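What follows is the residue order along each chain.
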Amino acid sequence: MNDCLFCKIIEGEIPSHKIYEDDKVFAFLDISPVSKGHTLIIPKSHSENLTQGTEESAADLFKTVHHLAPKIMTALEATAYNIGMNHGADAGQLVFHTHVHFMPRYAGIPRTFEKQHPSQEELAAVAEEIRQGME
Ligand code: AMP
Ligand code: ZN
């Protein structure tokens, strides 16, 4: 039995604020964002981290990052972004399913990596703003 949180999100067993999905990759809002629109982009096939997955899975993941980054930026009028991955507990990895953090940044808003705790309604509104802006 697969007890992975992100596999359950992909399967829809645990709700998420979905931004994008195709046959290989899933993207949804981080529940504790460090910036407005902080998105997690994950491969559908389970691997603990980037190098435990296949090279093909890594390529598919970063193709989607390449595709989504400008779309999210435009939708939210972001001016910059950080991309991050944590590999292993000592690096701060909490969820052991490969994921890319995409963190939009905004002129005049200081960059922080401190987690915020918006309401579900606030997250839903940001997800909607991104989806609308991506159309
Ligand atoms: P990491 O520390 O790189 O493993 O990051 C895991 C991320 O998953 C953290 O930023 C969490 O806020 C985020 N997270 C944990 N549970 C959920 C969830 N149910 N929905 C969305 N994001 C989550
Ligand atoms: Zn998983």
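Just above sits the structure.
Residues numbered from 1 in each chain as written. Chains lettered and ligands numbered in written order. Predicted model: local features only at pLDDT ≥ 70, side-chain atom pairs only at ≥ 80, totals over all residues. Heavy atoms only, no water.

Draft legend 1. Structural context of the overall build of the chain. Broken down by element type, the chain carries three helices and five strands. Ordered by position from the N terminus, the helices and strands of the chain form the series α-β-β-β-α-β-β-α. The globule rule puts the C-alpha radius of gyration for 135 residues at 14 Å, and the 14 Å found for the chain is close to it. Overall size of the chain, expressed as C-alpha extent along the three principal axes, is 40 × 30 × 30 Å. Counting all 135 residues of the chain, 44% fall into the buried class. Of all intrachain contacts in the chain linking residues separated by at least 6 positions in sequence, the fraction that spans at least 24 positions is 60%. If you sum the accessible surface of the chain, you get close to 7700 Å²; carbon and sulfur atoms cover 53% of it. Side chains of the chain carry 11 positive and 19 negative charges; the gap between the two charge centres is 4 Å. (Helix = DSSP H or I, 4+ residues; strand = E, 2+ residues; numbered from the N terminus. Rg over C-alpha atoms; globule rule 2.2 N^0.38 Å. Buried < 20%, exposed > 50% of the residue type's maximum accessible area, 1.4 Å probe, protein only. Contact = heavy atoms within 4.5 Å. Areas by Shrake-Rupley, 256 points an atom, 1.4 Å probe, with all protein chains shown as cover. Lys, Arg positive; Asp, Glu negative; His and termini not counted. Charge placed at Lys NZ, Arg CZ, Asp CG, Glu CD.)

Draft legend 2. Broad picture of the side chain of D30. Within the secondary structure layout, D30 lies in the loop between β2 (25-29) and β3 (39-43). Although buried, D30 forms no salt bridge, and the nearest oppositely charged side chain, K115, lies 5.6 Å from it. From its side chain, D30 meets the backbone nitrogen of S32 in a polar contact 2.8 Å long. Setting aside anything within four residues of it in sequence, one finds D30 in contact with H38, T39, L40, H101 and L123. (Salt bridge = Lys/Arg side-chain N within 4 Å of Asp/Glu carboxyl O. Polar contact = N/O pair within 3.5 Å; in protein donor to acceptor, adjacent residues only side chain to side chain.)

Draft legend 3. Focus on helix α2 (residues 55-76). Look at α2: 31 Å from first C-alpha to last across 22 residues, which is about the 32 Å you get at 1.5 Å a residue. As for α2, its buried residues are in contact with β1 (18-21), β2, β3, β4 (80-84), β5 (100-105) and α3 (120-134). E77 lies just past α2 and shows a positive phi near 55 degrees. (Expected span 1.5 Å × (residues − 1).)

Draft legend 4. Inspection of the site of ligand 1 at higher detail. Around ligand 1, the structure places 17 residues, and the nearest of them are D30, G92, L94, H99 and H101. Here G92 contributes a backbone N or O atom positioned 2.8 Å from an oxygen atom of ligand 1. Contacts to ligand 1 include K115, whose side-chain N or O atom sits 3.4 Å from an oxygen atom. Counting residues per element, the ones that place at least two in the shell around ligand 1 are α1 (5-11) and β2. Classifying every residue of the shell around ligand 1 by side-chain character gives nine nonpolar, six polar and two charged. (Near = heavy atom within 4 Å. Nonpolar A, V, L, I, M, F, W, Y, C, P; charged D, E, K, R; others polar.)

Draft legend 5. The coordination of the zinc ion (ligand 2), seen in detail. Around the zinc ion (ligand 2), the protein contributes the donor atoms C4 (SG), C7 (SG), H46 (ND1) and H97 (ND1), at 2.0 to 2.3 Å from the metal centre. Coordination at the zinc ion (ligand 2) is tetrahedral, judged from the four donor atoms that bind it and the angles of 103 to 118 degrees they form at the metal. Counting gaps between the donor residues of the zinc ion (ligand 2) yields the pattern C-x2-C-x38-H-x50-H. Note that C4 is positioned in the segment before α1 and H97 in the loop between β4 and β5, a separation of 93 residues in sequence. (Donors = N, O, S within 2.8 Å, 3.2 Å for Na, K, Ca; no water. Tetrahedral: all angles 85-135°; square planar, octahedral: opposite > 155°, others 65-115°.)

Draft legend 6. Looking closely at the sheet that holds β4. Taken in spatial order, the five strands line up as β1-β2-β3-β5-β4 in an open sheet, and their pairing is antiparallel. What marks the edges here is a single partner per strand, and that holds for β1 and β4. Taken over all neighbouring pairs, the strand axes of this sheet differ in orientation by 20 degrees on average, direction set aside. Bridge analysis of β1 against β2 gives three bridges, and the strand direction is antiparallel. Pairing of E21 across the sheet is with F26, part of β2. The strands that α3 touches are β1, β2 and β3; relative to β1, the one it contacts most, it runs at about 40 degrees. (Pairing = 2+ DSSP bridges. Axes fitted to C-alpha atoms, helices over the stretch in contact; angles between N-to-C directions.)

Worth remembering: the numbers are spatial, not functional.
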